[in-house]
Every structure is written in C-alpha cells, then in structure tokens.
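These are the residues of each chain, in order.
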Amino acid sequence: MHLPPDPRSKTRECAEQLAEVASQFPFLGNVTAQDLLALLRAELGSAEALDDFQPYGDHFAKAVGPATILHIISGNTPAAGFQSLMRGLLLGSHNLCKIPTNGLMEIQEFRRLLPEDLAARVEIKRELTEEWLEKADAVIVFGNDHTLAQIRSRIRPGQLFVGHGHRLSFGVVFDDPDFSSAAGAARDASIFDQQGCLSPHVFFVAQEPLAYAAKLAAEMERVHANEPRGALSISDANAIRQERADLAFRLANDEPVAVFESVNSTGWTVAFDATPGFPRSPLNRFIFVKPFPEDFAGTLAPVRPHLSCAGMWPPTIENARKLADLGVSRICPVGRMQLPPATWHQDGQQVLGPLVRWIDCETGA
C-alpha cells in the first residue's frame, strides 16, 4: 500500500523547532528532533501520522490532536510542564498553561524563544479561569492527589482528563563493591532538589549499606559544592531539622541509624536506617539508605499505588526483571532517574496516544 509523495512534514519541522528551543534549557536533558519523532513513531505508528493518512492495517488512518489542551503545571518540577507543553505543540494543539501563582519564569522564557507561529499557540496565566477549563478539549494536571480530585470533579462529559499525581521513587543497589554508583545516586537525589516524581526517597543497598551511605554523603557534598540547593521556606527547613533531630534521638537510644549532613546548613542529608519500611523523606536533598530487605515486595506494599521509578545498579535486564512486578512504571540505571527518554510511558501510560482521535479511510484501491 503506497501513498503519493507529500510535501515536507509539518510535524517534522515542528519537532526540529522544539528541539532547538529545548536545547537552551539544560534541565530538559538532550532533547533532539529525532527523539520527538521517535515518540510519534512509537505511539502513533508513524512520524507523519498527524500530517496525512498513513497505511494502517489494510486501510489508511490519520491522527488528530485536541484542538485545545489545558496544562495545569506544578511549580515543583518545571521539566514535567515543559514536556507536556512540547507534546501539545507536537500534536498541533493550542496550549493553555496554568502556572503557579508565584510564576514560572522558565516556561515564559520558553514561549519567548519559540518561532512566532508556535508561540501563538501558547497562552500562560497564573489563575485557572472557568473559561479556560470550559474551552479545553483535554486537561492535563500535575499536582498532588487533592488537586487532581478537585480538577477531575469539574471535567465535563467528553473532555479528556490526564492526571499526574503523588508519586514515590527509590533506588536499589544489588552489587557495587567499589561504590561506583554513588555519584549517580547523589545526582538523582539532588536534581530538582528532590521535588519530582522521579526523585528517590531511599536507596536500598544489598552490600555494606552503611559504608555506601558514607560514600553517598561524600558525593552529596560534591554536588552541593558545585550546585547548591535552592532556598527553602522556614517550614521546609524545619522539617529537615526535625527529621535530623529524630534520627539523633534514635541513635542516642542505640537504634541502628546514622546521619551524615552538610555542615552548618540543611543543604543535604544522608540518613542510614536499618529498621524495616519505606521511609518518607522531607525532600530537599534528604536521602535515606537502607539495607536491602528480605521481603522487598512486602516493604513496598504500603506505597505500591504511588510508585513511579526504580533506579537499579548494576543496570542489567536481569536486575530489571527483579523489579518489574513491584509496582513501578519505569526502571533505569542509578544516575539516570531524572532523565527519562522522550519515549517513556509517564506513570505507565502513553503520553500522545490517549490524546488523539483517529480518522480511518478505506479507498477501495
């Protein structure tokens, strides 16, 4: 089944323009036009599926993106909002971006750098208006579970809703006698100041977990010296101090814990804790290290509905198989937790496929 030759793909041109602008924002990673086109091929079967009819089984089909997408973006990790906006532009949609009330200068700068025709398809506001919510064909929300429930209750029939809520991530070091993964673990725990769904709360270490914690602490200090954490609110800083104090109290009572921390600041903390369970970090570069438990599935069971990413070391398919049935939606090498590929299934779901509708065509030829 063949199609007549087409003019240059508008989608391909859009991908090239988006990649050029994205290169100005290092926290997005190395996003290339080929990455974006690979996403289209993976989810829609063809990089040109949005431009024209493509062979589909024994007929033809064309994908159509939503006319208007509303992105409700959290301030914790601008990367997630950027990725959602880029995908909306790739689909040919008009994009309404509701940003936090204190602003999000990166996304405003991103819009400024876009070519005029793409920039015209991006609107940015700090308040969510009923008009925006009503006109959107699809609504994509990043936030906590309460925010998702609030917005979902306002969705009208026929309106697409995609929610990305509370998620927890962790790392597992199965074998690393030289602690060669510690530098990558420190990066994973430091990027975005540990605010994102891909940020680890804890590393479970199978061999010498206390020594691994000490090495991780040295690497956290190295990251801190080059890229200090952002300023904290009083409540966030106090949460770290309180967690440190609780651990110090437990240590004084001969519990199997140890604390490594930045000097005269809350800049970073590594907490070794040999007691069972999945710890909840106060975030902002506060990372736990625990011995790998005998019943790993049982340890993760209380948080399984919220699991997102598992970093692993060594990064082998055999180790991935050990983690695949535990509830995570992404498994990657330690050191790459914050850098998902363009083709990843966010929260275990396709990111373009659920947003498009299809037009089928049978020509009889």
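Relevant structure appears above.
Residues numbered from 1 in each chain as written. Predicted model: local features only at pLDDT ≥ 70, side-chain atom pairs only at ≥ 80, totals over all residues. Heavy atoms only, no water.

K.L.:
Could you clarify how one ought to interpret the overall build of the protein chain in this entry?
P.N.:
Counting secondary structure elements, the protein chain contains 12 helices and 15 strands. Here the C-alpha radius of gyration of the protein chain, 23 Å, is about what a compact globule of 365 residues would show, namely 21 Å. By principal-axis analysis of the C-alpha atoms, the protein chain measures approximately 80 × 45 × 40 Å. Residues classed as buried in the protein chain amount to 48% of the 365 residues present. In the protein chain, of all internal contacts separated by at least 6 residues, the share reaching a separation of at least 24 is 68%. (Helix = DSSP H or I, 4+ residues; strand = E, 2+ residues; numbered from the N terminus. Rg over C-alpha atoms; globule rule 2.2 N^0.38 Å. Buried < 20%, exposed > 50% of the residue type's maximum accessible area, 1.4 Å probe, protein only. Contact = heavy atoms within 4.5 Å.)

K.L.:
Quick question: what am I supposed to make of the sheet that holds strand S15 (residues 357-361) here?
P.N.:
Where strands meet in a sheet, backbone hydrogen bonds hold them as pairs that are either parallel or antiparallel. Spatially, S1-S2-S15 is the arrangement adopted by the 3 strands of the open sheet, whose pairing is antiparallel. Each edge of the open sheet carries a strand with a single partner, namely strand S1 (54-56) and S15. This sheet shows a mean twist of 45° between the axes of neighbouring strands, independent of strand direction. (Pairing = 2+ DSSP bridges. Axes fitted to C-alpha atoms, helices over the stretch in contact; angles between N-to-C directions.)

K.L.:
I keep staring at the packing of helix H1 (residues 10-22) against helix H3 (residues 78-90) and nothing clicks. Help me out?
P.N.:
Axes are the key here: two packed helices are described by the angle between their axes and the distance separating the axes. Close contact between H1 and H3 brings their axes to 9 Å; oriented N to C, the two are set at 155°. When the axes of H1 and H3 are compared, the pair comes out roughly antiparallel. Crossing geometry of H1 relative to H3 is assigned as right-handed. Here Thr11, Cys14, Ala15, Leu18 and Ala22 of H1 come into contact with H3, specifically with Met86, Leu89 and Leu90. (Parallel < 35°, antiparallel > 145°, perpendicular 65-115°, else oblique. Left-handed = near helix turned anticlockwise from the far one by under 90°.)

K.L.:
In this structure, what is going on with the pairing of strand S7 (residues 160-164)? I would like to understand it.
P.N.:
Looking down a regular strand, the side chains alternate between one sheet face and the other. Here 5 bridges tie strand S6 (residues 138-142) to S7, and the two strands are oriented parallel to one another. Paired with Phe142 across the bridge in S7 is His164.

K.L.:
Even after reading the chapter, I still don't get the nonpolar core, so can you show me in this structure?
P.N.:
Most often, soluble globular proteins have nonpolar side chains that are buried together. Judged by nonpolar contacts, the single largest core of 45 residues is most densely connected at Leu18, Leu28, Met86, Phe110 and Leu114. Those elements that place two or more of their residues in this core are H1, helix H2 (33-44), H3, helix H4 (105-113), helix H5 (116-119) and S6. The element contributing the most residues to this core is H3, with 7 residues. With near-sequence residues (within four places) excluded, Phe110 lies in contact with Leu18, Val21, Ala22, Phe25, Phe82, Leu85 and Met86. (Core = buried A, V, L, I, M, F, W, Y, C linked by side-chain atoms within 4.5 Å.)

K.L.:
Sorry, what's going on with the pattern of salt bridges here?
P.N.:
Considering all chains together, one arrives at 12 salt bridges under this definition. In this structure, the salt-bridge partner of Glu130 is Arg154, at a minimum N-O distance of 2.9 Å. Remark: Arg154 occurs in the loop between helix H7 (145-152) and S7 and Glu130 occurs in helix H6 (residues 130-135); sequence separation between them is 24 residues. The closest approach of N and O atoms between Lys215 and Glu219, which form a salt bridge, is 3.4 Å. With Lys215 and Glu219 both in helix H9 (residues 209-226) and 4 residues apart, this pair spans about one turn of that helix. A relative accessible area of 30% places Lys215 in the partly exposed class. For Glu219, a relative accessible area of 9% translates into the label buried. Among the charged side chains, a salt-bridge network with shared partners connects Arg250, Glu255, Asp273 and Lys290. (Salt bridge = Lys/Arg side-chain N within 4 Å of Asp/Glu carboxyl O.)

K.L.:
I would appreciate a short explanation of the sheet that holds strand S4 (residues 94-98) in the present structure.
P.N.:
Spatially, the 5 strands line up as an open sheet ordered S5-S4-S3-S6-S7, and their pairing is parallel. Each of the sheet's edge strands pairs with one partner strand only, and the pair in question is strand S5 (122-125) and S7. Between one strand and the next, the sheet's axes are offset by a mean angle of 15°, whatever the strand orientation. In this sheet, S4 lies alongside strand S3 (residues 68-72) in parallel orientation, the contact comprising 5 bridges. Within the sheet, the bridge partner assigned to His71 lies in S4 and is Cys97.

K.L.:
For this particular structure, what's the right way to read the packing of aromatic side chains?
P.N.:
Two measures describe an aromatic ring pair: the distance that separates the ring centres and the angle between the ring planes. Scanning the entire structure with this criterion turns up 16 aromatic pairs. Each ring, one from Phe27 and one from Phe192, has its centre 6.4 Å from the other, and the planes form 75°; the classification is edge-to-face. Here Phe27 is found in the loop between H1 and H2, whereas its partner Phe192 is found in the loop between helix H8 (182-190) and strand S9 (200-205), with 165 residues between them in sequence. Among the residues examined, Phe27 registers a relative accessible area of 25% and is labelled partly exposed. Here the aromatic rings of Phe204 and Phe296 are separated by 5.1 Å at their centres, their planes lie at 70°, and the arrangement is edge-to-face. Taken together, the residues Phe204 in strand S9 and Phe296 in helix H11 (residues 296-300) connect sequence positions 92 residues apart. Given a relative accessible area of 1%, Phe204 falls into the buried group. Residue classification places Phe296 among the buried residues on the basis of a relative accessible area of 8%. Following the ring pairs from residue to residue traces out a cluster consisting of Phe170, Phe174, Phe204, Phe278, Phe292 and Phe296. (Phe/Tyr/Trp six-rings, centres within 6.5 Å; stacked < 30°, edge-to-face > 60°.)

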